[in-house]
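Structural description and commentary
If you want the building blocks of each chain, they are given just below.
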Amino acid sequence: MANKLISHKLFGKYGVKMSYTVASSEKQSRDFSAFLQPLRYKNKLYLSGVPTELGYDGLNKYLLICPPDIDLDKIDGINYRLCFGDNAYGVDHYETVYSCNEPLYIWAIIHKEG
């Protein structure tokens, strides 16, 4: 229980506002706070990106850290969408992190769609 309070306060204070949108029902759509960060690669495999201080930024893959109650399994880009601003995102991979057998947060690799 304390884990949920801590993580929700952190997301609410330092995260960005995102939305989980359901095309068939506005009641199921919801806003939430999460951490969203572009992934930067330091090896030479992704040289087509933009050089930055930390490495090359391909501008198409992002790390998402969000509360555990967001159902990323349903994100398909048509009926269920993950949105930040005017952009929609698809989910490449995600895992739930547990503490004392309770879900603490979800980390995911996401990409911009269309």
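**Examining the packing of aromatic side chains**
Centre distance and the angle of the planes are the two values used to describe a pair of aromatic rings. Within this structure, the stated rule accounts for 3 aromatic pairs. A ring pair is formed by F11 and F35, whose centres lie 5.1 Å apart and whose planes are at 50 degrees; its orientation type is tilted. Taken together, the residues F11 in helix α1 (residues 2-14) and F35 in strand β2 (residues 30-41) connect sequence positions 24 residues apart. With relative accessibility at 29%, the residue F35 sits in the partly exposed group. When the centroid spacing of 5.6 Å and the interplanar angle of 85 degrees are considered together, the rings of Y62 and Y89 count as edge-to-face.

**Notes on the pattern of salt bridges**
Where charged atoms from two side chains of opposite charge come close, those side chains can pair. A full pass over the atoms with the stated rule returns 3 salt bridges. The partner of R30 in a salt bridge is D69, and the shortest N-O contact between them spans 3.5 Å. A residue pair is termed long-range when its members are at least 10 positions apart, and R30 in strand β2 and D69 in the loop between β4 (56-66) and β5 (80-84) qualify at 39 residues. Judged by relative accessible area, R30 falls into the partly exposed class, the value being 31%. As a salt-bridge pair, K61 and D92 come within 2.5 Å of each other at their nearest N and O atoms. On the criterion of sequence distance, the pair formed by K61 in strand β4 and D92 in strand β6 (residues 87-99) is long-range, its members being 31 residues apart. For D92, a relative accessible area of 38% gives the class partly exposed.

**So, the nonpolar core**
Ranked by internal contacts, the top residues of the largest apolar core, which has 16 residues, are F32, L64, C66, L72, L82 and I110. Secondary structure elements with two or more residues in this core: β1 (16-22), β2, β4 and β7 (102-112). Every residue in contact with I110, bar those within four places of it in the chain, is listed here: L36, N60, K61, Y62, L64, L82, Y89, G90, V91 and D92.

**So, unusual backbone geometry**
Positive phi outside glycine occurs at C100, with the angle close to 55 degrees. Take C100: it is sitting in the loop between β6 and β7. If you check the backbone angles, N101 has positive phi at about 60 degrees while not being a glycine. By the element assignment, N101 lies in the loop between β6 and β7.

**What about the pairing of β6?**
In summary, the side chains of a regular strand alternate between the two faces of the sheet. Where β5 meets β6, 3 bridges bridge the pair, whose relative direction is antiparallel. From the neighbouring strand, C83 faces β6, where its bridge partner is A88. As consecutive antiparallel partners, β5 and β6 are separated by 2 residues, and within that stretch G85 has a phi angle of approximately 65 degrees, a positive value. Sheet analysis places β6 next to β7, joined by 10 bridges and oriented antiparallel.

Criteria and cut-off values
- Residues numbered from 1 in each chain as written.
- Predicted model: local features only at pLDDT ≥ 70, side-chain atom pairs only at ≥ 80, totals over all residues.
- Heavy atoms only, no water.
- Phe/Tyr/Trp six-rings, centres within 6.5 Å; stacked < 30°, edge-to-face > 60°.
- Helix = DSSP H or I, 4+ residues; strand = E, 2+ residues; numbered from the N terminus.
- Buried < 20%, exposed > 50% of the residue type's maximum accessible area, 1.4 Å probe, protein only.
- Salt bridge = Lys/Arg side-chain N within 4 Å of Asp/Glu carboxyl O.
- Core = buried A, V, L, I, M, F, W, Y, C linked by side-chain atoms within 4.5 Å.
- Contact = heavy atoms within 4.5 Å.
- Pairing = 2+ DSSP bridges.

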